Structure formats: C-alpha cells, structure tokens
Amino acid sequence: MGHYPDMGLHQNNDQVWGPWATIGLGLLVAVTFITVQIPILMGYLIVDDALMETIQSPERMALMEKNGTFLSLATIVAGLVSSALVVLLVYVRKGRSVRDYLLLLKPKMKQFLPWFLLIIAVAVAYDFSKLLFDKPVVPEVMIDIYRSASIKPLFWLAIIVVGPIFEELFFRGFLFTGLVQSRMGAIGALLITASVWAVVHQQYELMDIFWIFIIGILLGVTRMKTKSLLPGIAIHMAMNLVATLELAYYA
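In short, a report on the structure.

How each quantity is defined
- Each residue is numbered by its place in its chain's sequence as written, counting from 1.
- Residue-level local features of this predicted model are given only where pLDDT is at least 70; pairs of side-chain atoms are given and counted only at 80 or more, and the full residue set underlies all totals for whole chains, interfaces and linings.
- In computing side-chain properties, one takes all heavy atoms of the structure into account and sets aside hydrogens as well as water.
- Grouping buried Ala, Val, Leu, Ile, Met, Phe, Trp, Tyr and Cys residues that are joined through side-chain atoms within 4.5 Å yields what is termed a nonpolar core.
- Burial here depends on accessible area, computed with a 1.4 Å probe over protein chains only, as a share of the maximum for the residue type. Under 20% is buried, over 50% is exposed, and the range in between is partly exposed.
- Going along the chain from the N terminus, every DSSP run of H or I of four or more residues is numbered as a helix, and every run of E of two or more is numbered as a strand.
- Salt bridge, as applied in this entry: a Lys or Arg side-chain nitrogen positioned within 4 Å of an Asp or Glu carboxyl oxygen.
- The term polar contact refers here to a pair of N or O atoms within 3.5 Å; inside protein, the definition further demands a hydrogen-donor-capable atom paired with an acceptor-capable atom, and it admits residues adjacent in sequence only when both atoms are side-chain atoms.
- Patches in this entry comprise residues that are over 30% relatively accessible and not in a salt bridge; like charges within 9 Å are linked, as are nonpolar side chains (Val, Leu, Ile, Met, Phe, Trp, Tyr) within 5 Å.
- Each accessible area value is a Shrake-Rupley result obtained with a 1.4 Å probe; residue values ignore everything except the protein chains displayed when judging cover.

1. Quick look at the nonpolar core
Thought 1: Judged by nonpolar contacts, the single largest core of 45 residues is most densely connected at Met142 and Phe174.
Thought 2: Mapped onto this core, the elements with two or more residues apiece are α2 (19-47), α5 (68-93), α7 (109-132), α8 (140-148), α9 (152-179), α10 (185-199), α11 (206-226) and α12 (230-250).
Thought 3: Ranked by residue count, the leading element in this core is α9, at seven residues.
Thought 4: Counting 11 residues, the second largest nonpolar core, distinct from the first, contains Trp115, Ala186, Leu190 and Val221.

Listed below in structure tokens is the structure:
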C-alpha cells in the first residue's frame, strides 16, 4: 500500500495535522455537528407550538429522534456547517491545498469502476443476507423516519447528497489523512475510520452495523487505490440513493 499519495506525506508531516491533533479536531467537528442541531430542534419545536410540552416529556423527546422532517433539516444544516469546518481546519494548516489534503482529485475511470461495482455487489449481498436471516431489508426505524418526513425532497437531499459528502470528507478525508501519518499506518487508519463510521450508525441493529463496517473498509481502500476521495463520495451517494428508493417502496 506504500504507493498511494498519503504515504509520501511521512516525509512532510508539517503539511498535515498529526494523528493526535486530527483526533482532537475530529472531536471538535463531531461536537459541532451535534451542537448545530440544537437550535434547529428548538426552532422546530417552537414552530410546532409544543416546546414546553416536549421538554417536559421524555417520551415526546424520543419521538423527535424519529421525526423525518426534523432529522432532514438537522442533517442538512449540521452537515453543511461541519463540512465547512473540515475545509477550514485543512485551510488553516497551510502547506497543502484543500484539494490535495482531502484528495478531491479526479480519478481515472478504470480505477474507479471496479471498486464501484465491488461495493455495489457487497451492498446487494447485504440485502440478501438480511432476507436469508429473515430480517427486514429496510430497518423499521428508517421506515418510521421516512413516513414522518413531511417534505420528501428535503429528506432525499439530506440522505443522498449532504450526508455522504460530509461523512466522506470527515471520515475518509480529514480523519484518514491525519491517522495514516501515525505508526498505525494505512491499516490502522482503515480500521479506525471504518469502526467509528459504523458505530455512529447506532440506530441500526448489530448485523447492519457489521455490514456498514465492511463497506467502510471498502470505501477506505477505494480512496487509497484510486488516490481520490471522489469515487467514495459517488459510491456513498449511489448506495444511499438505492436505500432511499427501498425506503420509498416499503413505506
């Protein structure tokens, strides 16, 4: 794996955030993503004319976690703000352009296509494995969220566009670039970013989280082999598009 661009940065570590700085700044991005959603929640509740009732009712607050309209708004705003923060953190580091740091480089089609087909095949195998174990193809929680999304285009924008862009910029872009500089190297960066990415999808069952981890590994390898983050973003969007179509069908 020593042939891809990140490995060359071992000789220019001053150009990127080190592993510990990357972890610390990554926590800042994560906290920002969560914090930005708070005023959106408060505003949504005020418009819904149920602010005090919701605050005083844990059961009603739990329902907000499945409210598709709120989650769509929260994902779009928090995703855009957090993506901008990632870009800002890269920009202030100096030494490398944002484009080079995050590997926002145009890949060759012959490099991109095999990994696209492989990950799509894994996603299909994921669906078949759920049928094999008599599990619903679409988690019930996602069906509830989709049904409660009163503005469907907003939901699609959040899931198919904003979510994948932020997650790839953050996990396979910012975090991977910093972690690969450590003694853990590429393997450690792959495992850590895929693991954290899988864990944040805790709304799913354990079997789903396992498959998300596998796909996270493949997205990381795709980034390495194509020397670009763009294929991962495109593949992530394609998978979420298929998942959303499945949602619309089962809902």
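2. What about the pattern of salt bridges?
Thought 1: Per the counting criterion, the structure on display carries three salt bridges.
Thought 2: As a salt-bridge pair, Glu168 and Arg172 come within 2.7 Å of each other at their nearest N and O atoms. Of this pair, Glu168 and Arg172 both sit in helix α9, separated by four residues, roughly a single helical turn. The pair Glu168 / Arg172 is uniform in exposure class, with both members buried.

3. Some remarks on the side chain of Ser182
Thought 1: You can see Ser182 is positioned in the loop between α9 and α10.
Thought 2: The exposure class of Ser182 is buried, given its relative accessible area of 15%.
Thought 3: A distance of 2.7 Å separates a polar side-chain atom of Ser182 from the backbone oxygen of Leu179.

4. Some points on a nonpolar patch on the surface
Thought 1: Taken together, the side chains of Met184, Ile192, Val196 and Val200 define a hydrophobic patch exposed on the protein surface, amounting to about 290 Å² of accessible area.
Thought 2: Mapped onto the elements of the fold, Ile192 is located in helix α10.
Thought 3: On the basis of relative accessible area, Ile192 is assigned to the partly exposed category, the value being 33%.

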